[in-house]
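Okay, here's what each chain looks like letter by letter:
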Amino acid sequence: MKQLNYLIIVSESISLKEYDNVNYVFPLSSFCVGFTKTYELKDITINNAYLYLNRLLDTLDTKNLKKIINNLPNNIKGIIFEDLGVYELIKDLKLTKILYMVHANCNYYTINAYLKKVDSVVISPDITLNETKEILKNTHKKLVLYGLGHLSYMYSRRTLNTNYALHFNYKPKKILNLKESISKMPFLSVENNYGTVLYDDKIYNGNLLKDEDNVLAFLINSFNTNLDTDELIKAFIYNKIDNQTSGFLNQKTIYQLK
């Protein structure tokens, strides 16, 4: 089997072993949602590290981020981001720029347009296996695929867990286990000071895509997996992890009711 490359989001206390085919991605404090652990720049000491920024920013946030970007240490190799305003701050820097708009970038026309500006794009995991393969065959740069981790279904700038707790008069929790009342589908609701992310309770495994061409790397999110680096990679390669799902790879997203 060909060697695969990985971008591993460090959202758990995993050992940072250095591999030729692994880069670690650190959720940057004040600029991420959906994580219980984030990092200040001074805490990121490993070589060839990436930053992860998945918040949608306002004017003040952008100004504060600009100060950080202007003083990046030499060990920061790249940035994975969602807000297009971040691109304007980093476009002239010698960094690997990867756009990850979680629920966007579902067709190769859009992705090719973004690839004129950035080094790579993460294909949305909201689409099927065949739709993903079609994109990989029709884009002019290598792309990143979501390989392993809880799927993010919703992001709100509101602190939904706290608001709910205050309304019903109980102690707020940063992580809530929820169940949708009609389908009975379980979710994880994860809150920090900047908003709330609703995750699938199951852990997505994109192993069906591991042999595809035109792939720059597989993005692995260690959040709430309780697995170390070696275990995360093995779980992906061998398609084996507790409570896993293939997400939408074999099931189209419902976007319109009949």
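For the structure, check the block above.
Since the structure is predicted, the reported quantities are computational estimates derived from the model, not experimental observations. (Residues numbered from 1 in each chain as written. Predicted model: local features only at pLDDT ≥ 70, side-chain atom pairs only at ≥ 80, totals over all residues. Heavy atoms only, no water.)

1. Examining the pattern of salt bridges
And step 1. Taken as a whole and assessed by the stated rule, the structure comprises 7 salt bridges.
And step 2. Of the charged contacts in the structure, one is a salt bridge between aspartate 230 and lysine 17, with a shortest N-O distance of 2.8 Å. Of this pair, aspartate 230 sits in helix 6 (residues 229–237) while lysine 17 sits in the loop between strand 1 (6–9) and strand 2 (22–27); the two residues are 213 residues apart in sequence, bridging distant segments of the chain.
And step 3. The exposure class assigned to aspartate 230 is partly exposed, which follows from its relative accessible area of 29%.
And step 4. Between arginine 55 and aspartate 61 there is a salt bridge, with its nearest N and O atoms 2.8 Å apart. Side by side, arginine 55 and aspartate 61 carry an identical accessibility label, which is buried. (Salt bridge = Lys/Arg side-chain N within 4 Å of Asp/Glu carboxyl O. Helix = DSSP H or I, 4+ residues; strand = E, 2+ residues; numbered from the N terminus. Buried < 20%, exposed > 50% of the residue type's maximum accessible area, 1.4 Å probe, protein only.)

2. As for the packing of aromatic side chains
And step 1. Within the structure shown, the criterion is met by 13 aromatic pairs.
And step 2. Here the aromatic rings of phenylalanine 35 and tyrosine 52 are separated by 5.9 Å at their centres, their planes lie at 80 degrees, and the arrangement is edge-to-face. Taken together, the residues phenylalanine 35 in the loop between strand 2 and strand 3 (49–53) and tyrosine 52 in strand 3 connect sequence positions 17 residues apart. The exposure classification of phenylalanine 35 matches that of tyrosine 52, with both residues buried.
And step 3. Feature note: the residues Phe35, Tyr52, Tyr199 and Phe223 constitute an aromatic cluster, connected by ring pairs. (Phe/Tyr/Trp six-rings, centres within 6.5 Å; stacked < 30°, edge-to-face > 60°.)

3. Thoughts on helix 4 (residues 129–137)
And step 1. Buried residues of helix 4: Leu129, Thr132, Ile135 and Leu136, and no others. The buried residues of helix 4 occupy an angular sector of 125 degrees when projected down its axis, which confines them to one face. The exposed set on the far side of helix 4, more than 90 degrees from its buried face, consists of Asn130 and Lys137.
And step 2. Buried-residue contacts for helix 4 involve helix 3 (108–115), strand 7 (143–156) and strand 11 (215–221). (Arc of directions from axis to C-beta. Contact = heavy atoms within 4.5 Å.)

4. Here's the deal with the layout of surface pockets
And step 1. By volume, the second largest pocket is sized at about 240 Å³.
And step 2. As for the second largest pocket, its lining consists of 20 residues, and the residues nearest its centre are Tyr52, Asn54, Glu82, Val102 and Ser152.
And step 3. Within the residue set of the lining of the second largest pocket, elements represented by two or more residues are strand 7 and strand 10 (195–205). (1 Å grid on protein atoms, 1.4 Å probe; cavity = no way out; pocket = protein on both sides within 12 Å on 5 of 7 lines; lining within 4 Å. Points joined across faces, edges and corners; volume = space filled by probe spheres on them.)

5. Details of unusual backbone geometry
And step 1. Backbone geometry places asparagine 48, a non-glycine residue, at a positive phi of 55 degrees.
And step 2. Residue placement: asparagine 48 occurs in the loop between strand 2 and strand 3.
And step 3. We note that asparagine 243 has phi near 55 degrees; this positive angle belongs to a residue other than glycine.
And step 4. Within the fold, asparagine 243 resides in the loop between helix 6 and strand 12 (244–245).

That's the geometry; what it means functionally is another story.
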